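Descriptive analysis of the structure
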Amino acid sequence: MNTEKDFSPLTPNIVRALNDKLYEKRKVAALEIEKLVREFVAQNNSTQIRHVIQILASEFALSQHPHSRKGGLIGLAACSIALGKDSGLYLKELIEPVLTCFNDSDSRLRYYACEALYNIVKVARGAVLPHFNLLFDGLSKLSADPDPNVKSGSELLDRLLKDIVTESNKFDLVAFVPLLRERIYSNNQYARQFIISWIHVLESVPDINLLDYLPEILDGLFQILGDNSKEIRRTCEVVLGEFLKEIKKTPSSVKFAEMANILVIHCQVADETKLTNDLIQLAAMTWMREFIQLAGRVMLPYSSGILTAVLPCLSYDDRKKNTKEAASACNHSLMKLVTPEDDEDDEKCGSTGTSPKADDQSKTEVDSNDMLNASQESIGFSNISFFAPTSTDRPQETLDLDGIVQVLDRHLHDSSTGMMTRIAVLKWVYHLYIKTPRKMFRHTDSLFPMLLKTLSDESDEVILKDLEVLAEIASSPAGQTDQVGSCDSTDVKLVLKVPESAKQGQQPSKAVDSSPSTPSMNSYFYKFMINLLKRFSLERKLLENRGAFIIRQLCLLLHAENIFHSMADILLKEEDLKFASTMVQTLNTILLTSAELFQLRNQLKDLRTQESCTLFCCLYRSWCHNPVATVSLCFLTQNYKHAYDLIQKFGDLEVTVDFLMEVDKLVQLIESPIFTYLRLQLLDVENNPYLIKALYGLLMLLPQSQAFQLLSQRLRCVPNPELMRTVDESRYMDSKQPPVSKRASHTQIDYNELLQHFDHVQSKHLEVRHQRSGRASDHLERKLM
């Protein structure tokens, strides 16, 4: 440097020493500068003070020569020491050249710059706070410095600055937050350590309310929580824990809505192989649980996003037990927020003139800048809108029903969805039909096919919950307003009965948390029955493995008479006669053996009412698809003469092995508790001659088998009518009056017409079998040729 240049008031000796390569000489120059500045302070000569600082900054600290820069740094520190409390008046001039040296390529010079700034800050103390962002920016760079000495020096300066902020009440948080929000996304480990340590300090200062600005830094905090450093993760956990404690203390001042979407994003794991991702997910899920419980219905607009994050976690195994439990708590709490009032704002929505579809579109067009640096591609079901509607027309605490249904439907369609998740999805669908039936019925046509498909699920629990949903759809009063045209086209008008017990609120089928609606069937009931039988027809394994289970559960959930009446009515028009026969056999077995059908069996046993006779005739016409089932129905209804007439016709039918096996099963059933009354009626030989004839008819159909022996032994027990006759009955015989039937029927059944119907149905079966066998023989001939 040219020492001839005028550096006054600095003397040539000071200038020469400042440019020297030896630290000792530069230190001597600094002491001289300190002495000189003290004199100016005593004289109150601010002009000369600024002139000295300006020379040290521009001619030395910002010089091209490294030794001059070192001299300038120590000189500026000396000025600050000399100024003492007055250094606050010159801080901008003192700090800026020092911070520029933080970027120097020479590590020694960066260290001297750090040392100089430490001395400046130590003297100025609270006066440096207006320049805090500059200092923080410079320190954040040094925190990641590769040189250990520089890093050590920056840590000393960092601690000093933290002490000043902690003891001061003049910290400008508003000005600092934008810088914090920017730097919190640094991927550098040391920068993250620096950032999280500062947040920890600021959060602990009583006079600094960082909670108000938490929405701006929460996303960054969760990203820091995924750092590879265990120490950084631990500090971040502590910071998040402190924030959560504060949120619980002052929930009324917390901006829950502004943070909900951040939690939704971090509750989802993009890469399940990373342990840090599990940590983020657990923390986010824990926060979500607290938010739902503390904020309540404020969280409703975000419910679709919350469910997208929560539902998959419900199928986690014990390795993620804590996350699963937190997700379960979130799911339960969110479900409780949905109330019947969410079904009552149609008028409000209608007044805005927007359709549900338009509303959905507006939600998906929310500004993408709100994505908080998280790409949608990293989120499952990426086209679901997780962000709150910005429209001022929409209430703040409105249930996002359309979004929820979309999420639930996607989880049902996803083959990889776990069992517990599927159960939770169905519980949600059921809950929404209970709490918001009118709105939910708008989605029924889209949900219905998938709900039917779910009946093929491997899990009995899933099927049970699915049946509850379908039963609620079929019986909800809200479905009555649905247009009949929404059901499958059919010319059958079925009048379905409501049982007296149900009218009195005594229906045993409903669970504790079930719908308060009566089981009067709506337009979806018949559609359900038609589609269920179609599914059984297309999936014979479903019918074989789960058919009886499904039908029995439906009889519990809905009135058994309605189930059997409607299915019989539909099967009457079934074109696939083989399926119709199989289905009738299944229904008949359920009717005769299931405990759930006890009431229906009693209703049919006596045929005392017009309704029971109508039901019998309806069942009979479909039961004709299976001759043995028809006979068993006659046994159940005590129509023994008609049973005998039917068995007489068996001689004209094609008796196959399957047919004989069904007769065998019927014999076994006659020996079961269901037909106890029938066996006791064998004691009254004179009044039940056709019962005995019918049983003998079955005996004659059977080959010499175990069933033959069983029935034969039973018939040998039939007593001699002469021995069983009492005194009163002898008088009857003497008076030659016919015995009065003990069974009084309220209606007349045209049994001749029923027999003709039986002949007609069986002739159709015979025709189909002949066609099938003809095709089989033609095929065999072609093979032989």
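Above this note sits the structure.
Definitions and limits used
Residues numbered from 1 in each chain as written. Predicted model: local features only at pLDDT ≥ 70, side-chain atom pairs only at ≥ 80, totals over all residues. Heavy atoms only, no water. Salt bridge = Lys/Arg side-chain N within 4 Å of Asp/Glu carboxyl O. Helix = DSSP H or I, 4+ residues; strand = E, 2+ residues; numbered from the N terminus. Buried < 20%, exposed > 50% of the residue type's maximum accessible area, 1.4 Å probe, protein only. 1 Å grid on protein atoms, 1.4 Å probe; cavity = no way out; pocket = protein on both sides within 12 Å on 5 of 7 lines; lining within 4 Å. Points joined across faces, edges and corners; volume = space filled by probe spheres on them. Nonpolar A, V, L, I, M, F, W, Y, C, P; charged D, E, K, R; others polar. Axes fitted to C-alpha atoms, helices over the stretch in contact; angles between N-to-C directions. Parallel < 35°, antiparallel > 145°, perpendicular 65-115°, else oblique. Left-handed = near helix turned anticlockwise from the far one by under 90°. Contact = heavy atoms within 4.5 Å.

1. Comments concerning the pattern of salt bridges
Inspection of the entire model under this criterion finds 35 salt bridges. Across the pair Glu468 and Lys465 runs a salt bridge, and its minimum N-O distance is 3.4 Å. Of this pair, Glu468 and Lys465 both sit in helix H23 (residues 460-475), 3 residues apart, roughly one helical turn. Judged by its relative accessible area of 17%, Glu468 is buried. For the salt bridge of Glu596 with Arg552, the shortest nitrogen-to-oxygen distance reads 3.4 Å. On the criterion of sequence distance, the pair formed by Glu596 in the loop between helix H28 (577-593) and helix H29 (598-606) and Arg552 in helix H26 (residues 540-557) is long-range, its members being 44 residues apart. Since its relative accessible area comes to 23%, Glu596 is described here as partly exposed. Counted as one network, the salt bridges with shared partners bring together Asp137, Lys141, Glu182 and Arg183.

2. What to know about the layout of surface pockets
Counted as a void, the second largest pocket has a volume near 590 Å³. Around the second largest pocket, the lining comprises 22 residues; the ones closest to its centre are Ser581, Thr656, Asp658, Glu662 and Arg769. For the lining of the second largest pocket, the secondary-structure elements that each account for two or more residues are H28, helix H31 (627-636), helix H33 (657-670) and helix H39 (751-784). Considering only residue class, the lining of the second largest pocket consists of 7 nonpolar, 8 polar and 7 charged.

3. Regarding the packing of helix H35 (residues 689-701) against helix H36 (residues 706-716)
Where H35 contacts H36, the two axes come as close as 9 Å, and the packing angle between them is 150°. By the angle between their directions, the pair H35 and H36 is classed as roughly antiparallel. As for the relative orientation of H35 and H36, their crossing is left-handed in sense. In this structure, H35 contributes Leu695, Tyr696, Leu698 and Leu699 to the contact, and H36 contributes Phe708, Leu711, Ser712 and Leu715. The residue makeup of the contact of H35 with H36, split by class, is 7 nonpolar, 1 polar and no charged.

4. Some details on the environment of Met288
One can find Met288 in helix H14 (residues 275-295). Taking the C-alpha atoms as reference points, Met288 and Met299, 11 residues apart in sequence, are found 9.6 Å from one another. Not counting residues within four places of it along the chain, the set of residues in contact with Met288 comprises Ala260, Leu263, Val264, Cys267, Met299, Ile306 and Cys330.

5. What to know about the packing of helix H4 (residues 66-83) against helix H5 (residues 91-100)
With their axes 10 Å apart at the nearest point, H4 and H5 run at an angle of 155° to one another. As judged from the angle between their axes, H4 and H5 are roughly antiparallel. You can see that H4 and H5 cross each other, and the crossing is left-handed. From H4, Leu73, Leu76, Cys79, Ser80 and Leu83 reach across to H5, where they touch Leu94, Pro97 and Val98. Here the contact of H4 with H5 is composed, by residue class, of 7 nonpolar, 1 polar and no charged.

Don't take any of this as a statement about function, it's just geometry.
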